[in-house]
Amino acid sequence: MAWFRASSCLGNLAIRRSLSQGGSYAVRARNLPSQNRCFHSTIFKRKEQASPVPRAVPLSRLADSFLDGTSSVYLEELQRAWEADPNSVDESWDNFFRNFVGQASGSPGVSDQTIHESMRLLLLVRSYQVNGHLKANLDPLCLEEREIPDELDPAFYGFTETDLDREFFIGVWSMSGFLSENRPVQTLRSILTRLEQAYCGSIGYEYMHIEDREKCNWLREKIETPIPMQYNKDRRVVILDRLIWSTQFENFLATKMKTAKRFGLEGGETLIPGMKEMFDRAADMGVENIVVGMPHRGRLNVLGNVFRKPLRQIFSEFDKNSKLEDETGLYTGTGDVKYHLGTSYDRPTRGGKRFHLSLVANPSHLEAVDPVVIGKTRAKQYFSNDLDRTRNMAVLIHGDGSFAGQGVVYETLHLSALPNYTTGGTIHIVVNNQVAFTTDPRSGRSSQYCTDVAKALNAPIFHVNGDNIEAVVHVCELAAQWRQTFHSDVVVDIVCYRRFGHNEIDEPFFTQPKMYKVIQKHPSSLEIYKNKLLESGEVTQEDIDRTQKKVESILSEEFLNSKDYVQQRRDWLSTNWEGFKSPEQLSRIRNTGVNPDILKKVGRAITVLPEDFKPHRAVKKVYEDRARMIETGEGLDWAMGEALAFATLLVEGNHVRLSGQDVERGTFSHRHAMVHHQETGDKYCPLDHVMENQNEEMFTVSNSSLSEFGVLGFELGYSMENPDALVLWEAQFGDFANGAQVIFDQFLSSGESKWLRQTGLVVLLPHGYDGQGPEHSSARLERFLQMSGENPYEIPQMDPTHRNQIQKCNWQVVNATTPANYFHVLRRQIHREFRKPLIVMSPKNLLRYKFCKSNLSEFDDIQGHEGFDKQGTRFKRLIKDQNHHSDLEKGIRRLVLCSGKVYYELDEERQRLNVNDIAICRVEQLCPFPYDLIQRELKRYPNAEIVWCQEEPMNMGAYTYIAPRLYTAMMGIGRGSVEDIKYVGRAPSAATATGFLKKHQNEQAEILRLAMQPEPINCPYSSHSN
Ligand SMILES: Cc1ncc(C[n+]2csc(CCOP(=O)(O)OP(=O)(O)O)c2C)c(N)n1
Ligand SMILES: [Mg+2]
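On a predicted model such as this, the values are computed, not experimentally measured, just so you know.

Draft legend 1. A look at the overall build of the chain. When helices and strands are counted, the chain shows 33 helices and 28 strands. Out of the 1026 residues in the chain, the part that is buried amounts to 61%. If you sum the accessible surface of the chain, you get close to 40,500 Å²; carbon and sulfur atoms cover 49% of it.

Draft legend 2. Structural detail: the packing of aromatic side chains. This model, assessed by the stated rule, comprises 32 aromatic pairs. Arranged with centres 6.4 Å apart and planes meeting at 85°, the rings of Tyr199 and Tyr205 form a pair that is edge-to-face. Take Tyr205: its relative accessible area is 4%, and that puts it in the buried class. Among the aromatic residues, those joined into a cluster by ring pairs are Tyr199, Tyr205, Tyr207 and Phe462. Note that Arg922 overlies the ring of Tyr904, its terminal NZ or CZ placed 5.7 Å from the centroid.

Draft legend 3. Inspection of the site of ligand 1 at higher detail. The immediate surroundings of ligand 1 are formed by 15 residues, with Arg297, Ser364, Asp400, Gly401 and Ser402 found nearest. Interatomic distance of 2.9 Å between a side-chain N/O atom of Arg297 and an oxygen atom of ligand 1. Surface burial for ligand 1 is 76%, taken as the share of its 580 Å² of free accessible area covered by protein chains. Here the shell around ligand 1 gets three residues from one element, more than from any other, and that element is helix α14 (residues 400-405).

Draft legend 4. Layout of helix α10 (residues 271-284). Between its terminal C-alpha atoms α10 stretches 20 Å, which fits the 20 Å expected from 14 residues at 1.5 Å a residue. Of all the 14 residues making up α10, twelve are buried; the element is thus mostly covered by neighbouring parts of the structure. Where α10 is concerned, the buried positions are Leu271, Ile272, Pro273, Gly274, Met275, Lys276, Glu277, Met278, Phe279, Asp280, Ala282 and Ala283. Phi turns positive one or two residues past the end of α10, at Gly286, with a value near 105°.

Draft legend 5. Region of the structure containing the coordination of the magnesium ion (ligand 2). With distances of 2.0 Å, the protein atoms coordinating the magnesium ion (ligand 2) are Asp400 (OD), Asn433 (OD1) and Val435 (O). Here the donor residues of the magnesium ion (ligand 2) share one chain and are spaced in sequence as D-x32-N-x1-V. Of this pair, Asp400 sits in helix α14 while Val435 sits in the loop between β9 (426-432) and α16 (441-444), placing them 35 residues apart in sequence. For Asp400, a relative accessible area of 5% translates into the label buried.

Draft legend 6. Here's a closer look at the pairing of strand β16 (residues 699-703). Among the five residues that make up β16, four are buried, leaving the element largely enclosed by the rest of the structure. Across five bridges, the pairing between strand β13 (residues 655-660) and β16 is parallel. Paired with Val656 across the strands is Phe699, a residue of β16.

Draft legend 7. Layout of the sheet that holds strand β25 (residues 918-923). Strand order in the open sheet made by the five strands is β23-β25-β24-β27-β28, with mixed pairing throughout. With one partner strand each, in any of the chains shown, β23 (878-879) and β28 (981-986) form the two edges of the open sheet. Strand direction decides the pairing type here: strand β24 (residues 894-898) and β25, joined by five bridges, are parallel. Across the sheet, Leu897 pairs through a bridge with Cys921, a residue of β25.

Draft legend 8. Just unusual backbone geometry, in detail. Of note, the bond from Cys927 into Pro928 is cis; its omega dihedral lies within 30 degrees of zero at -5°. On the secondary structure map, Pro928 appears in the loop between β26 (925-927) and α31 (931-940). Phi at Asp662 takes a positive value of approximately 60°, unusual for a residue other than glycine. Residue placement: Asp662 occurs in the loop between β13 and β14 (675-676). Judged by relative accessible area, which is 37%, Asp662 ranks as partly exposed. With a phi close to 45°, His672 is a non-glycine residue in the positive phi region. Relative to the assigned elements, His672 resides in the loop between β13 and β14.

Draft legend 9. Quick peek at the sheet that holds strand β19 (residues 812-814). The seven strands lie next to each other as β16-β13-β17-β18-β20-β19-β26, forming an open sheet whose pairing is mixed. Edge strands, defined here as strands with exactly one partner in the open sheet, are β16 and β26. Direction aside, the axes of adjacent strands within the sheet are offset by 20° on average. Strand direction decides the pairing type here: β19 and strand β20 (residues 838-842), joined by three bridges, are parallel. Its bridge partner lying in β20, Gln812 is registered against Leu838. Contacts between helix α29 (residues 819-830) and the sheet are confined to β17 (725-730), β18 (762-766), β19, β20 and β26, with β17 contributing the most and set at about 130° to the helix.

Draft legend 10. Region of interest: the side chain of Asn815. Within the element layout of this structure, Asn815 appears in the loop between β19 and α29. On the accessibility criterion, Asn815 (6% relative accessible area) is buried. A distance of 3.4 Å separates a polar atom in the side chain of Asn815 from a polar atom in the side chain of Ser899. Non-local contacts of Asn815, meaning those with residues more than four positions away in its chain, are made with Met841, Ser899, Gly900, Val923, Glu924 and Leu926.

Draft legend 11. Geometry of helix α25 (residues 741-748). Burial within α25 is extensive, with six of its eight residues counted as buried. If you check which residues of α25 are buried, you get Val742, Ile743, Phe744, Gln746, Phe747 and Leu748.

Draft legend 12. Quick look at the pattern of salt bridges. Throughout the structure, instances matching the rule amount to 56 salt bridges. With its nearest N and O atoms 3.3 Å apart, the salt bridge here joins Asp770 to Lys844. With Asp770 in the loop between β18 and α27 (781-786) and Lys844 in the loop between β20 and β21 (868-869), this residue pair connects regions lying 74 residues apart in the sequence. Of the charged contacts in the structure, one is a salt bridge between Arg912 and Glu909, with a shortest N-O distance of 2.9 Å. On the criterion of helical spacing, the pair formed by Arg912 and Glu909 is a turn pair, its members being three residues apart in helix α30 (residues 902-912). Counted as one network, the salt bridges with shared partners bring together Arg235, Arg242, Glu277, Asp280, Arg281 and Glu477.

Draft legend 13. Spatial organisation of the environment of Lys530. Take Lys530: it is sitting in helix α19 (residues 525-536). Linking Lys530 and Thr540, residues ten residues apart in sequence, is a C-alpha distance of 9.2 Å. Discounting chain neighbours no more than four positions away, the residues touching Lys530 are Leu240, Ile544 and Gln548.

Rules used throughout
- Residues numbered from 1 in each chain as written.
- Chains lettered and ligands numbered in written order.
- Predicted model: local features only at pLDDT ≥ 70, side-chain atom pairs only at ≥ 80, totals over all residues.
- Heavy atoms only, no water.
- Helix = DSSP H or I, 4+ residues; strand = E, 2+ residues; numbered from the N terminus.
- Buried < 20%, exposed > 50% of the residue type's maximum accessible area, 1.4 Å probe, protein only.
- Areas by Shrake-Rupley, 256 points an atom, 1.4 Å probe, with all protein chains shown as cover.
- Phe/Tyr/Trp six-rings, centres within 6.5 Å; stacked < 30°, edge-to-face > 60°.
- Lys NZ or Arg CZ within 6 Å of the ring centre and 35° of its normal.
- Near = heavy atom within 4 Å.
- Polar contact = N/O pair within 3.5 Å; in protein donor to acceptor, adjacent residues only side chain to side chain.
- Expected span 1.5 Å × (residues − 1).
- Donors = N, O, S within 2.8 Å, 3.2 Å for Na, K, Ca; no water.
- Pairing = 2+ DSSP bridges.
- Axes fitted to C-alpha atoms, helices over the stretch in contact; angles between N-to-C directions.
- Contact = heavy atoms within 4.5 Å.
- Salt bridge = Lys/Arg side-chain N within 4 Å of Asp/Glu carboxyl O.

In structure tokens:
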């Protein structure tokens, strides 16, 4: 009987005890009062050892934390409340009191029963539902010491052994599950037996924290089945076959690649059959696409056995001499280690359906891929019109250490129910091998379970003993059913072990000697299952041998073939990206100007609000001003430039999505993309009405949760799905982007090179020195530039017809200074045959600055108009001096190169001082560096002193990026050396900016003074300066 479980692990008790004394293994004991635990022992121990029968505990003294923290007089209070108003209590309690009060004594067979006895029994039942998992047999090694809570002891409720065969009245329930069997009278023994089977076997269910009764009932129905769930022979044969594949794959690699790191799954092999059954069940329930994210552990096994990546290919990747296809023009990037690579596959199910599986490539940074997977899934749902989100599903696999430790797990979980981020539920599988590298759970988390973080989301959590393959398969299927039924997250926690060290060359005995002594002797889950099936007589030894031989011979054959395997063209373009160019295939440069009629038409559409709509007064004015900008064609501001970029991309059929903190209004109150009716609170989004009957989601602007890592990761994943989408993430202030540093470093700047995946994600980072202090001034421009992969000492091919500098760079960093240029750089993201991340240092005070305006004619494609230059209207990588200088200006004594809003301050100062021999050029695109245009300006001013001017401290901003490139450009035309580059800007500094406004103003004034001073500029901040 399952509730005698403790005795089945008796063999290990001695080990447990000595381990806990030694203190080397995590003991997650709860501090429980020691009295009243005796009933367990009276049941489990022989009579002479039995402790005295405890006294019943008065109801009012019952510890009722398991009833979600209500008071200790819970039942009495509940009864009083029910008597006053039956509707004031939960329906289940209403039923309870209805059944009992005034009836119990009259019911046949229960005449000797008190109401309180039945109530106590009910509490015991609920206690199993709430806490049964604490007694479940979860640890295959039987090493984990867990105190069984008093609430699971019948003695706690006053029951004694003599009650075991007494019949108790437990009522007739409308509630599903255990109490719904319509057997109002049962013996305590049969009740306990069922409770133990349901809640304390190889699966520990945590679900009573879910507030929704319908969901709890659904689960109860699945858990508290009349008889325990069993698979039939056919299913068992399939499960065995899958377990053989999973196990032998690892064994094979272990023998063939003894010294290679592969982060094997040994000890957790049941993951593979579990996943496969989960996917089959999901596909049966309508899932067509599954996007998977997972860490290193078991990845090769998942790739081979679940994704069906050709085994020969996997094996060949271990071979240092493996051949790369020598196809000309093949872009191979820098590559990545084999256990980070992604793949995709169309997989048939046992039920005859097909579904598509994609594994997202990820870096070593554990859990960083989580939001990326979710974002990609959401994009799949948008592009396949999967409105109820049942056809596209995300599955995330985690380690126990990383699930508990990494904050991005929480950030990702918290996106799960947000309307613009939900994917209708993610299935999380934790491969809980009870160790993280060398760290025990005791040092790795403060919570009981590594999965506790998911409870905040009301996700059910199924802990399962990883040695019990059928239990693993069962909860995997249940998770799929839950996801498809309730469209919310669910967690499967496979408690297993790690047979070897962290990787195959690591020695686990250094740090976990006692655990590994047990592991050494522990049979594999395959052994355990084989024995079980042999015992049941459902399979014979010959059947098993035949399957094992077949698997062995396929593995060996694939291994042989791997020697001649030639790596195929890397699968870097999924269907949506067909025709897109790799960094080595030249893509045509296109203009981004828009027909003026279209501009007017969409401009009008996005500047009107419905007649009966009452916006805030100030917002009304914003929209009136915008309407005027369109009508007059003059004075278009930043927000208008952006809105026009979005609107024109929408009419061209693209999807536009902008997300980030407070982006709907805009941190600086400039965007007002979502307008709020001041009386009803209704919202109106003008960009949803660019076209008639526009799909509501085609333009999405969405305030996000207060997360950078999670949300940026999500948008990155979103952007990778389909190139016909302009996806933007805006940081509240640029500084906050460093909360998402992993996404910048590991994905955005290097993803294409490592994994051959493109993204056109746009990142808007408010940046600029306006006296707001160290944390609101700098978006850390220098960091983005430092990560640029360009060689600063080599001028790439700049001829317009051969130029693929921008395709070869890893990302673009721009600091646009006009609304029109911002409009064009956004449109350029989509109007090209490749995608490249775009980092925008976006303005703050320029949003309303009187001179930061553009005319509508700079947006159109009319020859002769302001924005039209030699090639047409497009983004200007460099804006030359506004004084209409000719091709040769010998009288200019200084050329000030700068980027961003400091330009306007320099220009104002120049006008104030009436200086006319200084030219100011704006480098709008810093990366890739516009060598051609810089050289053009250098030639225009042959006698000018060359100055780089910036607001940031010398060790920050663009200076260290600009200097070698400017030098290379100068060298290319024989114009001076590196000493000829003069710096004007703030002194080197630890903090990005001063916190004192006065100091800021002085510093800013000094920059302007220096840049305009009549004397030549010496290099400041050096010992040679004067
Ligand atoms: C963010 C991050 N920090 C540290 C590491 C280094 N590291 C690699 S595996 C590992 C242990 C992971 O433990 P767990 O999540 O339990 O997975 P397991 O290896 O046990 O399967 C650590 C610390 C990492 N890869 N990523
Ligand atoms: Mg682990």
